[in-house]
Every structure is written in C-alpha cells, then in structure tokens.
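Observations on chain architecture
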Amino acid sequence: MSEFKERVLIIGSGAAGLTAAIYTARANMDPLLVKGLQPGGQMTITTDVENYPGFADVIQGPWLMEQMEAQAQQVGTRMAQDIITSIDTTQRPFHLKGDTGDDYYADAVIVATGAQARWLGLESEARLNGKGVSACATCDGFFFKGQEVVVVGGGNTAVEEALYLSNLASNVTLIHRRDQLRAEKILQDRLLKKENINVIWNSEVTEICGENAVESVKLLNSKTNGEQEVFAAGCFVAIGHDPATEVFHGQVEMDEDGYILVEPGTTRTNKPGLFAAGDCVDRVYRQAVTAAGLGCMSALEVEKYLADLES
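Residues numbered from 1 in each chain as written. Predicted model: local features only at pLDDT ≥ 70, side-chain atom pairs only at ≥ 80, totals over all residues. Heavy atoms only, no water.

1. Section: the overall build of the protein chain
Cut-off, in case you're wondering: Secondary structure elements follow DSSP: runs of H or I of four or more residues count as helices, runs of E of two or more count as strands, with numbering from the N terminus. The contact criterion used is simple: two residues touch if any of their non-hydrogen atoms lie within 4.5 Å. Accessibility throughout is a Shrake-Rupley quantity obtained with a 1.4 Å probe, and a residue counts as covered only by protein chains that appear here.
Tallying secondary structure elements over the protein chain gives seven helices and 19 strands in all. By its C-alpha atoms, the protein chain is 65 × 40 × 35 Å across when sized along the principal axes. Long-range contacts, defined as pairs at least 24 residues apart, comprise 60% of the intrachain contacts of the protein chain with a sequence gap of at least 6. Carbon together with sulfur atoms contributes 48% to the accessible area of the protein chain, which is approximately 14900 Å² in total.

As structure tokens, this is what we get:
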C-alpha cells in the first residue's frame, strides 16, 4: 500500500476527467488521475462518433478516448489504475481511499465519474449495443435518417428522444410499459400531435431481434399477454441514467437522483476545493463535448482555487 500527497486529484477518465487533466497538467499543477471502474468512460462503448468537433470523418469512441489519454499523459498527467472507494471531505487535505488499499491526500479534487444509462437487461440488447441499440438519440439518431425506430420509456427523457428522432426518422414508435406517460404534460401534448410518432401502451420489450444489426423488437402486452413484433432499424432505450456518485453520498451536496450539485455556471460544489464535472453533474445534455467543456472549467477553477489557497 502506498500514500500519495497531491495538489490535484482527478477521479474519472472520460471526456471530463481527461480534459481536466490536460488543462491542469499544462498549468504545471502535476495532476494525478485515478482511472476508475470504466477507463475512458461511456465513449469506450460508443462505436461511430460523428458529432465531436474537429473530425470530418466518423471516428470511433474508444479511439477518441485513447487520444485524449495520450494527450493528457504527453503534457504531464500521471495515471493511477485504481478505484476510489471513499472520500473524507471533513479534513484538509481531502483523504481518499483506493480499492488497492492506497491512500490519497489532495488539496483539490475534481470528480468526473460520469453516469451510466439504465438498460433493459436483455441479452439481445447487450449483443446489439452499438449495432442499432443506443441510449442517446442526439448521439446516434442521425444514423437512422429516413428509417423506422423505436424508443423505450415513458418519462421526460423518452418523450424528448422520440420528439428529436421524429425529425430524422420516417416513423417513431414509443413503447411504454404503463397506460399513461410520466413525462410533463407539455411534452406529452407535443408527442401526441406528431403524425409520425405512435405509442404502444402496456408493453415491455422481451427481445431485440437481428443478427448484426437491429431488425425488429418483440413486445409482450402486460394486460392481454399478447405478443407483438415491431420492425425497426434502431432501438433507443430511454429509461434513465444513474450518476456514478455513490462514493460521495454524505460528503457533498446532491439532488434526489444522486447528481452532484454545483454553483450555477461553475463546477464548484458546496465543499471548497471539491469540484465536479461531466455527466455526474449534467443530467440534461450528456454529450462528450459538454463533458469536455465542464472538465476545462473545473481545471481553470482549480487553478484559481489553489492560487488563492497558497497566497
């Protein structure tokens, strides 16, 4: 077991964490980045990326994260293959424990642990993930232009995804397991007015069909026990996201869903010296480019915080 004493510790190696690392390293803050459970974040399970600025051709998510990590190391970021299991924000410097048994002490911490989409838990869903199955319409909707797609869910996210996709796809079928939507009334009204959106009620997805790409979705009606097959080229699962913030419960202010709260327009939490960036904060946009932007903001704010602390 080892002990590390750091000026800046970054938790998470997705777009937010790696961007924070690039900026803090270039500012001579000698950051240590703890990679976490899923090095590279959600982008490592994303295949075609067409909306990250700077690339005329479609790029691969894992490749983009490899490049970000290489850039962070090139400018001086040190990497630790560890998972943070606890943090004590009542003492300064902050004390963090790693799964390896290592102890970390840091004057400033950037939390960039991200969030994970909730999935249906089907074998066929996992097999076809990235081959027509997606949890992000704004990321992948363009690939289904002029085709038929389905959206699974009944809350704000599902309705917003369906509305977004209705401007790209020829037809959108929203599948909901209940007989009424949980989304806000104004969103429901917009959805039901769309001519190319139809809703299938009281139904759950039992299988996503296709060999190398999504071809159809099989449903089971909970009221009648009747089965139905809907043909579609894409299946968008929109049943929510869970921020990866369990370790920080009780240590920093969060909302009811576990997203870390920050001062509006900043990445500052209610604990001075503790900053948060990316999808563990952002429940609205959840894009690689916005995560990177928040990572940049956190680094600049850490630089100012440490300068004030040391003066």
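2. Observations concerning helix α5 (residues 156–166)
Short version of the rule: A 1.4 Å probe rolled over the protein chains alone gives each residue an accessible area, and that area as a share of the maximum for its type sets the label: buried under 20%, exposed over 50%, partly exposed in between.
Among the residues making up α5, those that are buried are A158, V159, E161, A162, L163, L165 and S166. In this structure, the buried side of α5 is in contact with α4 (137–140), β11 (148–152), β12 (171–175), α6 (185–193), β13 (197–200) and β17 (234–237).

3. Here we look at the pattern of salt bridges
Formally: Basic side-chain nitrogens of Lys or Arg form a salt bridge, by our definition, when they fall within 4 Å of a carboxyl oxygen of Asp or Glu.
Across all of its chains, the model carries 14 salt bridges by this definition. We note a salt bridge from E3 to K5, for which the minimum N-O separation is 3.9 Å. Residue E3 is classed as partly exposed on the basis of its relative accessible area of 49%. Among the salt bridges present, the one from D255 reaches R283, with a minimum N-O distance of 2.5 Å. Taken together, the positions of D255 in the loop between β18 (241–243) and β19 (274–276) and R283 in the loop between β19 and α7 (288–310) put the pair 28 residues apart, joining distant regions of the chain. Here the residues in one salt-bridge network are E6, D30 and R78, joined through shared partners.

4. Here we look at the sheet that holds β12
Spelled out, the test is: Two strands qualify as a pair provided that DSSP identifies no fewer than 2 bridges between them. Helix axes are fitted only over the stretch in contact, all axes being lines through C-alpha atoms; the angle between N-to-C directions runs from 0 to 180 degrees.
A sheet is described by the order of its strands in space; here five strands give the open sequence β10-β17-β11-β12-β13, paired in parallel fashion. With one partner strand each, in any of the chains shown, β10 (133–134) and β13 form the two edges of the open sheet. Two elements, β11 and β12, share five bridges in a ladder whose sense is parallel. Its bridge partner lying in β12, V150 is registered against T173. Sheet strands touched by α5: β11, β12, β13 and β17. Its angle to β11, the strand with the most contacts, is close to 170°.

5. Quick notes on the state of the cysteines
The cut-off we apply is this: Throughout, a disulfide means two cysteine sulfur atoms within 2.5 Å of one another.
Using the criterion set out here, one finds one disulfide in the structure. One disulfide in the model links C136 with C139; its S-S distance is 2.2 Å. Torsion about the S-S bond of the C136 and C139 cystine: about 70°, corresponding to right-handed handedness. Judged by relative accessible area, which is 14%, C136 ranks as buried. A disulfide-free cysteine, C235 has its sulfur positioned 10 Å from the sulfur of C209, the nearest such atom.

6. Description of helix α1 (residues 15–26)
Here is the rule: Every helix has an expected span of 1.5 Å times one less than the residues it contains.
Taking 1.5 Å of rise per residue, the twelve residues of α1 would be expected to cover 16 Å, and the 17 Å separating its terminal C-alpha atoms lies within 8% of that figure. With ten of twelve residues buried, α1 is to be regarded as a mostly interior element. Listed as buried for α1 are A15, A16, G17, L18, T19, A20, A21, I22, T24 and A25. Packed against the buried residues of α1 are β1 (3–11), β2 (32–34), α2 (61–74), β5 (78–80), β8 (103–111) and α7. Directly beyond the C-terminal end of α1, a positive phi value near 60° is found at N28.

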